[in-house]
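For reference, the chains in residue letters:
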Amino acid sequence: MTMRPVLCFGEALIDFHAEGKDANGHARAYLPYAGGAPANVAVAAAKLGGHARFAGMLSTDPFGDFLLDSLQHAGVDTRDVVRTDQANTALAFVTLDAHSERSFSFYRPPAADLLFRPQHFRHDAFHDVAVFHVCSNSLTEPELAATTCEGMRRAHAAGALVSFDLNLRPALWPHDVEPLPHLWPALQLADVVKLSAEEFAYLAVDGEQAALDRLWEGRAKLLVVTDAGNPLRWFHPDAEGELPSYRVQAIDSNAAGDAFVGGLLCQLAQLDGGAEQVQLLVDQLPRLHALLRYASACGALAVTRQGSFSAMPTDDEVRSFMESHA
């Protein structure tokens, strides 16, 4: 697969997954897995055969070493990673319910990923990038939010497509802050937006059409809304549609959305021309549907495996899955 880089920016953290239960139903142990939404997307893109880079601040603590090593072993280019001794690595304790749906207990802030600032972007970080990807976990602190939006603007100036996955985690936001007003500046800087059905409902406080109208006021030309095994929906200012999703037996839903995004961005990065290519996709619906089916297969495969980095499929696995699940 030949493509310009997908550059993912934001947090990398340690997901501790509960293992076993004692007589009272509490976890006997928690095993560490490398994770963090944009880091997961970078790994997904790399394992699919794409050129993936990750930009973010990692601690110099042992968990930061583990994350850097895990990214590199997955094939992610880490030239845009910065290290700091001013904060430790963020931690997330993950538990799954009977339906393999996850819940999180976060230990952040303080954390190293919150300390990245505009000056930490390399001077030529964006010059060859096909897609720049971020999520809302880098909007939870004002200076980092400003850095995220600055990165999105620099990516646009360099001709890159800008992707935003809401990936909303209310527990990461200060208790006295309502996230919604702080999400829209980034949403309106993105060319491609991915939401879960729950996140779309959250944004659509005044109805779906009002949310779409507000989104189209910005740069967005494609919104994709996933809903687990239910049909996914896509929206464009002049069109919309629906596609069936793959149904599988879920083991761990932790990285499904990130696998979907990684698959979608890998496909978009192969298009020549950046943001204007999204319009062409909508004019050629079979191509758009093919991209979305590929991304959906990536997400479906990820939920059949445990972990985040470790759950991401290869391109051969995805294509074999699609052939056997027509």
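Note: the structure precedes this text.
Turning next to the packing of helix α7 (residues 256-269) against helix α9 (residues 285-302). Across the interface, α7 lies against α9 with an axial gap of 7 Å and an inter-helix angle of 150°. Here α7 is positioned roughly antiparallel relative to α9, judged by the angle of their axes. The way α7 lies across α9 gives a crossing that is right-handed. Counted together, A256, A259, F260, G263, L264, Q267 and L268 of α7 and L291, L292, Y294, A295, S296, C298, G299 and A302 of α9 form the full contact between these two elements.

Okay, the pattern of salt bridges next. Where side chains of opposite charge bring their charged atoms close, a pairing between them can arise. For the structure shown, the criterion picks out 15 salt bridges. E143 is the partner of R117 in a salt bridge, and the nearest nitrogen-oxygen pair spans 3.4 Å. One end of the pair, R117, is in the loop between β7 (102-107) and β8 (131-135); the other, E143, is in helix α3 (residues 142-157), with 26 residues separating them in the sequence. For E143, a relative accessible area of 47% corresponds to the partly exposed category.

Its place among the elements puts T89 in the loop between β5 (77-84) and β6 (91-96). Classification of T89 as buried rests on a relative accessible area of 9%. Among the polar contacts made by the side chain of T89, one reaches the side chain of D61 at a distance of 2.8 Å. In this structure the side chain of T89 is engaged in a polar contact, spanning 3.3 Å, whose partner is the backbone nitrogen of G64. Aside from chain neighbours lying at most four places away, what touches T89 is A12, L13, I14, S59, D61, F63, G64 and L67.

The rules behind these values
- Residues numbered from 1 in each chain as written.
- Predicted model: local features only at pLDDT ≥ 70, side-chain atom pairs only at ≥ 80, totals over all residues.
- Heavy atoms only, no water.
- Axes fitted to C-alpha atoms, helices over the stretch in contact; angles between N-to-C directions.
- Helix = DSSP H or I, 4+ residues; strand = E, 2+ residues; numbered from the N terminus.
- Parallel < 35°, antiparallel > 145°, perpendicular 65-115°, else oblique.
- Left-handed = near helix turned anticlockwise from the far one by under 90°.
- Contact = heavy atoms within 4.5 Å.
- Salt bridge = Lys/Arg side-chain N within 4 Å of Asp/Glu carboxyl O.
- Buried < 20%, exposed > 50% of the residue type's maximum accessible area, 1.4 Å probe, protein only.
- Polar contact = N/O pair within 3.5 Å; in protein donor to acceptor, adjacent residues only side chain to side chain.

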